[in-house]
Amino acid sequence: MSALVEEDHRDSASSLAESASLPGSPSDSASYASAFEREKSIRSVQYDSESLSSRLTPPPDFFDPNYDTDITWLEDDSPYPEVRSAVANYDDPSMPVNTLRAWVLGIFWAIIIPGVNEFYYFRYPSLMVTGIVAQLVSFPMGRAWARWMPSVKIFGVSLNPGLFTIKEHVLITIMGGVGAQAAYATEIIAVQRVWYKQNFNFAYQWMLVMSTQLIGFSVGGLARRLLVAPASMIWPNTLVLCALFNTLHSQSYAGIGTHSGLSRERFFTYAFVSAAVWYIVPGYLFQALSVFTWVCWLAPDNVKINSLFGYHSGMGFSLLSFDWNQIAFIGSPLATPWWAEANVIAGFLIFYWFLAPVIYFTNTWHSQFMPISALGPFDNQGKPYDLTRILNPDKTFNHQAYKDYSPLFLSATFAISYGLAFASITATIVHAVLYFRKPIMVHLHRSLGEQPDVHAQLMAKYPQVPEWWYSCILAVTFVFACLCIKLFPTQMTIWALVVALLIALIYIVPVGMILAVTNRQVGLNVITELIIGYMLPGRPVAMMMFKTWGYITMSQAMIFTSDFKLGHYMKIPPRPMFWAQIVATVIAGTVQLGVENWMFSNIPQICSTAQKDISGFTCPNTEVFATASVVFGVVGPSLQFSQNQLYYPLLFFFIVGAVCPLITWLLAQRYPDSWLNYVNFPLMFTGVGLIPPASAVNYVPWAIIGFLFQYVIRRRHFPFWAKYNYVLSAALDAGTAISTILVYFILQYPKNGQIGENTVQRWWGNTVYKNTADWRAAPLRMVPEGEHFGPDNW
């Protein structure tokens, strides 16, 4: 919809029409002289039907599930109601963004958040400080800077450029969040030190981290024409951040209809405080509300009931959870479009609530001797697989010891997760060829200014980042990767590196387009493990490196591209954005390496079971990573998935993944206006890819709330939804994140979690869900003492 922008002490609005002239001209300077002196507001205005019909923009000639076909829209706003409800359709090019204040605060968060996350990554229970913390806390920091910092210049750079602007805030948040997660390559370094006794120098570590982090950045930058500029690439998760930015800076925006009721600022405050206070209940005082397996409480020792209704190792028919951390574990249900959520929950119902129980209760793959859902492998006595028994002292594979011990067995849900990972790989390619070929061809030949979207046209006014900048980053980081391979005994090869990067390059556009439309990402971790397991068997370090360059290159590209889109929506000039991301990534990776090296040098017995009763630095995530390196890099997939092996049938999921999108596409050609257009098999296969460790507690309440807000309220109370939906999502995320940190540091971290050990931690509400067969992960059938299940020879 169109809107007028009003600012106090301004003669003209900064809309698309006003921004047609580049900043710097005399008229432009006069127009924007006081552009950032007051917070802006944007009001809906009414148009008659004649003016509406004269400004219609034709819909795309390919099916777009998010396209708004019911509401008439104008050229100066987005055709997507989700975008209209969260993003302002104007720009102020004179607003400061690339300031000393933004860089100081951004670098501050690029040091603090990655360092804290790296430190606690090796601890259990762990802690994850997300970018939303930087988004919230940097707001009062920026305001305080504007109020108290002197207005002087240092070497020509203003120390205090005036009021803290929304664009500075966005740049700071991006710098704080781009490297917030522990770099995947630090896992390689930790596994090398602990499991394979390899401790290479800091140069190797730094080049490894920079190559794995920044190759993805360069690839994402090269793909931005297809993944950022088109209006159809809405990136739903960024809309939550946009809503929070605009709410904090007192900007109202968008929507069609009457917007009465609480202001967004007040609504956010109420929801934020409520979420923060409420989390204390399921997060500490009454934890059974988080793991609400009420049926299991009634029959705690009945294995069948616990297998069906449990959340920890069962199917989760209990349905409910009252903990936003659990509900939003796979992503906020208020950010994902309902049609995408419907695909995910359909996949969940088919593969986990139907296929998994069928496999389990028919004892397929001997699954009844294990819990129905478990993350790790088991041996033929139903015990967790002891990988040390099949390794030589130099950590290579001992085939005879493997034959003397046991083959690997997987729980029913774990086996299905491998099959679905295989299916998603082929389904993604086929889906992209069938559904994305038209938009890809359109956008490849369309410049940013030619996009029929107000945000793209506004961003076209800024100097763009040249392609050769990204190419230079790619070349430098590729050299870093080659040096890691050639100068150190990693057993990796350069040709394998090229294969890994080619896998990422092939999948970046189809995976990115699916993520940008559905808010769900197809992972390449399993397929990269499978490929390297066959290509270079018996090389665990090479396996970890190949997986990281193949999987994390694509994953990092998605993180950077999402930030590109956030900057696109918030009108951040592309070149300052480029350098902010580069500098923040380098700083974050270096800080994480420094923290990791300090920990391994100063924390005694780190990553050992002895740490459980000392400081908790048992490295559970690193152990999972090391296990994967043994399973795929040492034992290899040939002993699990090749012909005549137990899990060979799972390879047929590759065929299933290729055929399913083709069938629905052919049917949609026959019935072009049917619901078949909304069926998305890559989403169906990969949407449940987090099971395990996720379970029904993370899917069923997610789908219920998603249906309520993204379907019922959106259809029946659209003005309310447009005004509050994304603000509510941001408030719930932010309130829960802040409360999680406070509960952890105040009530759980001190005294190594022993506060309330004999009081609140022991009462019924915090123990009832643990005293069940579900929590004990009890199998349906026990192996008699001295016997085993499965084949006698392997």
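This is a predicted model, so every value here is computed, not measured.

**Student:** Help me understand the confidence of the model for the protein in this model?
**Tutor:** Do not read the predicted coordinates in detail wherever pLDDT is low. Model confidence for the protein is summarised by a mean pLDDT of 83, while 87% of its residues fall at 70 or above. Mean pLDDT values for the elements of the protein range from 31 in strand β1 (residues 3–6) up to 94 in helix α6 (residues 166–177). Counting interchain partners and residues more than four positions distant, the pLDDT-below-50 stretch residues 1–57 has 116 contacts. Contacts of residues 254–258 to residues separated by more than four positions or lying in other chains number 18 contacts, the stretch itself having pLDDT below 50.

**Student:** So what exactly am I meant to see when it comes to empty space enclosed by the protein here?
**Tutor:** With a probe scaled to a water molecule rolled over the atoms, the places where space remains empty come into view. Using the criterion set out here, one finds six cavities of 30 Å³ or more in the structure. In this structure, the second largest cavity spans a volume of roughly 50 Å³. Around the second largest cavity, the lining residues are Gly 314, Met 315, Phe 348, Tyr 352, Trp 353, Ser 373, Thr 413, Ile 691, Ala 694, Ser 695 and Ala 696. A total of three residues in the lining of the second largest cavity trace back to one element, the largest contributor, which is helix α15 (residues 338–361). Grouping the amino acids of the lining of the second largest cavity by side-chain chemistry returns seven nonpolar, four polar and no charged.

**Student:** Even after reading the chapter, I still don't get helix α24 (residues 620–635), so can you show me in this structure?
**Tutor:** Side chains three or four residues apart in an α-helix point the same way, a direct result of the helix having 3.6 residues per turn. Helix length check: α24, at 16 residues, gives a terminal C-alpha distance of 21 Å against a target of 22 Å (1.5 Å per residue), a fit within 8%. Just past α24, the residue Gly 636 takes up positive phi, approximately 90°.

**Student:** Got a minute to help me understand the pattern of salt bridges in this structure?
**Tutor:** Working definition: two side chains of opposite charge can pair if their charged atoms are close together. Using the criterion set out here, one finds six salt bridges in the structure. Arg 224 serves as the salt-bridge partner of Glu 467, at 3.7 Å between the closest nitrogen and oxygen. One end of the pair, Glu 467, is in helix α19 (residues 467–487); the other, Arg 224, is in helix α9 (residues 224–227), with 243 residues separating them in the sequence. For Glu 467, a relative accessible area of 37% translates into the label partly exposed. Here Arg 224 falls in the buried class, since its relative accessible area comes to 16%. The salt bridge involving Arg 776 is made with Asp 301; its shortest N-O contact spans 3.3 Å. Here Arg 776 is found in helix α30 (residues 773–776), whereas its partner Asp 301 is found in the loop between α12 (294–298) and α13 (303–309), with 475 residues between them in sequence. With relative accessibility at 48%, the residue Arg 776 sits in the partly exposed group.

**Student:** Explanation requested: a nonpolar patch on the surface in the structure shown.
**Tutor:** Taken together, Phe 652, Ile 655, Val 659, Ile 663, Leu 667 and Tyr 671 make up a surface patch of nonpolar side chains, about 550 Å² in accessible area. Inspection of the secondary structure assignment puts Tyr 671 in the loop between α25 (653–670) and α26 (681–686). Looking at Tyr 671, the relative accessible area reads 44%, which means it is partly exposed.

**Student:** What is the right way to read the side chain of Ser 332 from this model?
**Tutor:** Among the secondary structure elements, Ser 332 is positioned in the loop between α14 (324–327) and α15. One polar contact links Ser 332 to Ser 729, side chain to side chain, over a distance of 2.7 Å.

**Student:** Help me understand the packing of aromatic side chains in this model?
**Tutor:** Between two aromatic rings, the relevant description is the distance of the centres plus the angle of the planes. Scanning the entire structure with this criterion turns up 60 aromatic pairs. Ring geometry for Tyr 204 and Phe 488: centres 4.8 Å apart, planes at 55°, overall tilted. Of the two residues, Tyr 204 sits in helix α8 (residues 202–222) while Phe 488 sits in the loop between α19 and α20 (494–518), which places them 284 residues apart along the sequence. Taking relative accessible area as the criterion, Tyr 204 reaches 1% and is therefore assigned buried. With a relative accessible area of 14%, Phe 488 lands in the buried category. Their ring planes at 85° and their centres at 5.4 Å tell us that Tyr 360 and Phe 361 sit as a pair that is edge-to-face. You can call Tyr 360 buried: its relative accessible area is 0%. One aromatic cluster is present, built from ring pairs that chain together Phe 217, Trp 468, Trp 469, Tyr 470, Phe 560, Phe 564, Phe 578 and Trp 579.

**Student:** How should I be thinking about the nonpolar core in this particular structure?
**Tutor:** Note that soluble globular proteins tend to have their nonpolar side chains buried in a common cluster. Among the nonpolar cores identified, the biggest contains 224 residues, and Phe 348 and Trp 549 are the most heavily contacted of them. Setting aside chain neighbours within four positions, we find Trp 549 in contact with Leu 208, Ser 211, Thr 212, Ile 215, Ala 481, Ile 485, Met 492, Leu 497, Ala 500, Leu 501 and Ala 504. Membership of the second largest hydrophobic core comes to 11 residues, among which are Phe 122, Val 194, Phe 600 and Ile 603.

**Student:** Honestly, the environment of Glu 623 in this entry has me stumped. Any pointers?
**Tutor:** Tracing the backbone through its elements, the reader meets Glu 623 in helix α24. The exposure class of Glu 623 is partly exposed, given its relative accessible area of 46%.

**Student:** Would you explain the packing of α19 against α20 in this entry?
**Tutor:** Packed helix pairs are characterised by how far apart their axes lie and by the angle those axes make with each other. The N-to-C vectors of α19 and α20 enclose an angle of 140°; their axes lie 10 Å apart at closest approach. Accordingly, the angle class assigned to the pair α19 and α20 is oblique. When you trace α19 past α20, the crossing you get is right-handed. Touching Phe 478, Ala 481, Cys 482, Ile 485 and Lys 486 of α19 are Ile 494, Leu 497, Val 498 and Leu 501, all from α20. Of the residues belonging to the contact of α19 with α20, the class tally is eight nonpolar, no polar and one charged.

**Student:** Explanation requested: the packing of helix α7 (residues 184–194) against helix α22 (residues 540–570) in the structure shown.
**Tutor:** As a packed pair, α7 and α22 sit with axes 10 Å apart at the nearest point and diverge in direction by 175°. With respect to their mutual orientation, α7 and α22 come out roughly antiparallel. Mapping the contact onto sequence places Tyr 184, Ala 185, Ile 188, Val 191 and Gln 192 in α7 and Val 541, Met 544, Met 545, Lys 547, Thr 548, Tyr 551 and Ile 552 in α22. When its residues are assigned to classes, the contact of α7 with α22 shows nine nonpolar, two polar and one charged.

The rules behind each value
- Counting of residues starts from 1 at the beginning of each chain's written sequence and follows it residue by residue.
- A pLDDT threshold of at least 70 governs which residues receive local features in this predicted model, and a stricter bar of 80 or more applies before side-chain atom pairs are shown or counted, although totals over entire chains, interfaces and linings include all residues.
- As a convention, hydrogens and water are excluded, and side-chain values are obtained from all of the structure's heavy atoms.
- In predicted models, pLDDT denotes the confidence assigned by the predictor to each residue on a 0 to 100 scale.
- Segments assigned H or I by DSSP are reported as helices when at least four residues long, segments assigned E as strands when at least two residues long, and all are numbered from the N terminus.
- Contacts were defined at the residue level, with two residues in contact if any of their heavy atoms lie within 4.5 Å.
- Definitions used throughout: a 1 Å grid over protein atoms alone; a cavity as a set of points that fits a 1.4 Å probe which cannot get out; a pocket as an open set with protein on both sides within 12 Å along at least five of seven lines; a lining residue as one with an atom within 4 Å of a point.
- Grid points are joined across faces, edges and corners, and a volume is the space filled by probe spheres set on the points.
- For this classification, Asp, Glu, Lys and Arg are treated as charged, while Ala, Val, Leu, Ile, Met, Phe, Trp, Tyr, Cys and Pro are nonpolar and the rest, including Gly, are polar.
- A helix is expected to span 1.5 Å for every residue after the first.
- A pairing counts as a salt bridge when a side-chain nitrogen of Lys or Arg comes within 4 Å of a carboxyl oxygen of Asp or Glu.
- Think of it in three bands: residues with accessible area under 20% of the maximum for their type are buried, residues over 50% are exposed, and the middle band is partly exposed, with areas taken using a 1.4 Å probe on protein chains only.
- Each patch is built from residues lacking any salt bridge and having more than 30% relative accessible area; the joining distance is 9 Å for like charges and 5 Å for nonpolar side chains (Val, Leu, Ile, Met, Phe, Trp, Tyr).
- For every accessible area listed, the method is Shrake-Rupley and the probe measures 1.4 Å; residues are considered covered only by the protein chains on display.
- In protein, a polar contact means a hydrogen-donor-capable atom and an acceptor-capable atom, both N or O and within 3.5 Å, with residues adjacent in sequence counting only if both atoms are side-chain atoms; elsewhere, any N or O pair within 3.5 Å suffices.
- Two rings from Phe, Tyr or Trp (for Trp, the six-membered ring) form a pair when their centres are within 6.5 Å of each other. A pair whose planes differ by under 30 degrees is stacked, one over 60 is edge-to-face, and the rest are tilted.
- In this description, a nonpolar core means a group of buried Ala, Val, Leu, Ile, Met, Phe, Trp, Tyr and Cys residues linked to one another through side-chain atoms lying within 4.5 Å.
- For helices, the fitted axis covers only the stretch in contact; all axes are lines through C-alpha atoms, and the angles between them, taken along N-to-C directions, range from 0 to 180 degrees.
- For classification purposes, an angle smaller than 35 degrees is called roughly parallel, one larger than 145 roughly antiparallel, one from 65 to 115 roughly perpendicular, and anything else oblique.
- Left-handed is the label given to a crossing in which the near helix is rotated counterclockwise from the far helix by less than a right angle, and right-handed is the label when the rotation is clockwise.

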